[in-house]
Amino acid sequence: MTFLDRSRTVAPPGWSRWLVPPAALAVHLSIGQAYAWSVFKPPLESALGLSGTASALPFQLAIVMLGLSAAFGGTLVERNGPRWAMFVSLVCFSSGFLVAALGVATGQFWLVVLGYGFIGGIGLGIGYISPVSTLIKWFPDRPGMATGIAIMGFGGGALIASPWSTGMLEAFGSDSAGIATAFLVHGLAYAGFMALGVFLVRVPPDGWLPAGHRPEAAPRRLVTTAQVSARNALRTPQFWCLWVVLCMNVTAGIGILEKAAPMISDFFTGTSAPVTVSAAAGFVALLSLANMTGRLLWSSTSDLIGRKNMYRIYLGVGALMYLTIVEFGSSKPLFICCALVILSFYGGGFATIPAYLQDLFGTYQVGAIHGRLLTAWSTAGVLGPLIVNWVADAGERAGRSGSDLYTTSLTIMIGLLIVGFVANELVRPVHPRFHETAERKTRAHQQS
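Only a predicted model underlies this, so the values are computations on that prediction, with no experimental measurement involved. (Residues numbered from 1 in each chain as written. Predicted model: local features only at pLDDT ≥ 70, side-chain atom pairs only at ≥ 80, totals over all residues. Heavy atoms only, no water.)

## Remarks on the overall build of the chain
Next up, step 1: Counting its regular elements, the chain contains 19 helices and zero strands.
Next up, step 2: The C-alpha radius of gyration computed for the chain amounts to 21 Å, which stays within 12% of the reference 22 Å derived for 448 residues, consistent with globular compactness.
Next up, step 3: Along the longest, intermediate and shortest principal axes, the C-alpha atoms of the chain span 65 × 45 × 35 Å.
Next up, step 4: Sorting the 448 residues of the chain into buried and exposed places 58% on the buried side.
Next up, step 5: Of the contacts formed within the chain by residues at least 6 apart in sequence, a portion of 85% connects residues at least 24 apart.
Next up, step 6: Within the structure as shown, the chain displays about 16800 Å² of accessible surface, and the carbon and sulfur contribution to it stands at 66%.
Next up, step 7: Within the chain, the 19 negative side-chain charges are centred at a point lying 11 Å from the centre of the 28 positive side-chain charges. (Helix = DSSP H or I, 4+ residues; strand = E, 2+ residues; numbered from the N terminus. Rg over C-alpha atoms; globule rule 2.2 N^0.38 Å. Buried < 20%, exposed > 50% of the residue type's maximum accessible area, 1.4 Å probe, protein only. Contact = heavy atoms within 4.5 Å. Areas by Shrake-Rupley, 256 points an atom, 1.4 Å probe, with all protein chains shown as cover. Lys, Arg positive; Asp, Glu negative; His and termini not counted. Charge placed at Lys NZ, Arg CZ, Asp CG, Glu CD.)

## Some thoughts on the pattern of salt bridges
Next up, step 1: With the rule as written, the count across this model stands at seven salt bridges.
Next up, step 2: Between Glu78 and Lys137 there is a salt bridge, with the nearest N and O atoms lying 3.7 Å from each other. With Glu78 in helix α4 (residues 57-80) and Lys137 in helix α7 (residues 132-138), this pair connects stretches of sequence that are 59 residues apart.
Next up, step 3: Judged by relative accessible area, Glu78 falls into the buried class, the value being 15%.
Next up, step 4: Judged by its relative accessible area of 26%, Lys137 falls in the partly exposed class.
Next up, step 5: For Arg307, the salt bridge is made with Asp303, and the minimal N-O distance between the two is 2.8 Å. For the pair shown, Arg307 and Asp303 are each scored as buried.
Next up, step 6: Beyond isolated ion pairs, a larger network of salt bridges with shared partners links Arg17, Asp141 and Arg142. (Salt bridge = Lys/Arg side-chain N within 4 Å of Asp/Glu carboxyl O.)

## Focus: the packing of α4 against helix α16 (residues 366-373)
Next up, step 1: The contact between α4 and α16 brings their axes to 7 Å, and the two run at 170°. Between α4 and α16, the angle falls in the class roughly antiparallel. Residue-level contacts link Gly67, Ala70, Ala71, Gly74, Thr75 and Glu78 of α4 to Val366, Gly367, Ala368, Gly371 and Arg372 of α16.
Next up, step 2: Classifying every residue of the contact of α4 with α16 by side-chain character gives four nonpolar, five polar and two charged. (Axes fitted to C-alpha atoms, helices over the stretch in contact; angles between N-to-C directions. Parallel < 35°, antiparallel > 145°, perpendicular 65-115°, else oblique. Nonpolar A, V, L, I, M, F, W, Y, C, P; charged D, E, K, R; others polar.)

## Comments concerning the packing of aromatic side chains
Next up, step 1: One pass over the structure, following the stated rule, counts 29 aromatic pairs.
Next up, step 2: Considering the side-chain rings of Trp18 and Phe139, the 4.9 Å spacing of their centres and the 70° angle between planes classify their relative orientation as edge-to-face. With Trp18 in the segment before α1 (20-31) and Phe139 in the loop between α7 and α8 (143-172), this residue pair connects regions lying 121 residues apart in the sequence.
Next up, step 3: In this structure Phe139 comes out as buried when scored by relative accessible area, which is 0%.
Next up, step 4: Plain terms: the ring middles of Trp164 and Tyr190 are 5.6 Å apart, the flat faces sit at 90° to each other, and that makes the pair edge-to-face. Of the two residues, Trp164 sits in helix α8 while Tyr190 sits in helix α9 (residues 176-200), which places them 26 residues apart along the sequence.
Next up, step 5: Residue classification places Tyr190 among the buried residues on the basis of a relative accessible area of 6%.
Next up, step 6: An aromatic cluster is built from Trp37, Phe40, Phe93, Phe97, Tyr116, Trp164, Phe183 and Tyr190, whose rings are joined through pairwise contacts.
Next up, step 7: Lying across the ring of Phe268, Lys332 places its NZ or CZ 5.4 Å from the centre. (Phe/Tyr/Trp six-rings, centres within 6.5 Å; stacked < 30°, edge-to-face > 60°. Lys NZ or Arg CZ within 6 Å of the ring centre and 35° of its normal.)

## Comments concerning the state of the cysteines
Next up, step 1: According to the stated counting rule, one finds zero disulfides in the structure shown.
Next up, step 2: Cys241 takes part in no disulfide bond, and the closest cysteine sulfur to it belongs to Cys247, at a distance of 13 Å.
Next up, step 3: No disulfide involves Cys337; its sulfur sits 7.0 Å from that of Cys338, the nearest cysteine. (Disulfide = S-S within 2.5 Å.)

## Here's the deal with helix α17 (residues 375-397)
Next up, step 1: Taking 1.5 Å of rise per residue, the 23 residues of α17 would be expected to cover 33 Å, and the 33 Å separating its terminal C-alpha atoms lies within 8% of that figure.
Next up, step 2: At the C-terminal side of α17, Gly399 shows a positive phi close to 90°. (Expected span 1.5 Å × (residues − 1).)

## Here we look at the layout of surface pockets
Next up, step 1: Approximately 340 Å³ is the volume attributed to the second largest pocket.
Next up, step 2: Along the wall of the second largest pocket there are 17 residues; nearest its centre are Val39, Pro42, Pro43, Thr166 and Val277.
Next up, step 3: The element best represented in the lining of the second largest pocket is helix α13 (residues 277-305), accounting for five residues.
Next up, step 4: Across the lining of the second largest pocket, the residue classes break down as ten nonpolar, six polar and one charged. (1 Å grid on protein atoms, 1.4 Å probe; cavity = no way out; pocket = protein on both sides within 12 Å on 5 of 7 lines; lining within 4 Å. Points joined across faces, edges and corners; volume = space filled by probe spheres on them.)

Here it is as structure tokens:
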């Protein structure tokens, strides 16, 4: 197990930093399968007799555990290095699928929640943050682009998993045995793919900088040259403003994403152009593509226009897109275009937040700070699906159908994005009293 030691992952002289993003992608493309959960919702509801709210529980718990494991494991990831973190992610995420497979095969839904939600969710959280601080250290000159490359893999995971899962359900069947077999294949296949990242990842030597990079030449007011510890970051209003920003942006996007397949089917049921099951799965894949593309496109754009301006676009334009769906969602092309824009902003928000944190708090413990901030994702992972599923279930009981099942929840999302917009406007540079001195950093390293 010494292979996992941080000291064994220091890059040798001449190592290309461009080999690190593929290592991160190997993990993020795998754990990004979580975004294809909606493909399994209808078969699980039919096979195990679940409601829409109940079938969302494994996904919701997985997102909760993602945030919690990232928050509590962030310091361990910084201390033990990305290879250790990627290996832990591999074990938890893959074994979670195997436990879920056992649960479906035996008709025990609580095992699906335990496996996919709890155990797999830990793998999601540790895997998600495992490469972030490493990428920022390799690419201090282009942090938005670097984290965007890796984190786009998480958004794009469903682009692979959605048609792949649909194909397996068609081949194995959508009954309990077929779903269990699909989960089993997922667990084994993802273990092999994630192992590539474990073997490939490296960290830069201490003090390494890319040729020509001058970190003291901060181009914007919100970009600091100082360093803030994870402990001190929690004491700043900037951290909590970004917590609200991330929570609101994620809540607004994840509600659509978790229920994407049944939502588009319901929106156009009874119309002249109803949506088939395969077309709904294709819509999930399209959303995944927008999610993935937005992570690279918008995070790279943030390197040019600044993080605060980028979040103004995410939250402000995102609210307008939701309003358009509420008012004109009966047009299928307009519905799809607005959903794609919303999901591109959703993904872009994830990819931009590590660079925003680096701008405000420096690189000293940015991985641990990022992990703590992801508790906002945990909260949103409950709120988003709960709002959309609860409103839809209540509408069904009241005799509503079609787009009427979602009008209220989409209006709520508009309000949440406005709250996030205000929080982003309140972000200011971190006060110097929170900055780390050389003496305090040395003492913190000795204690760890």
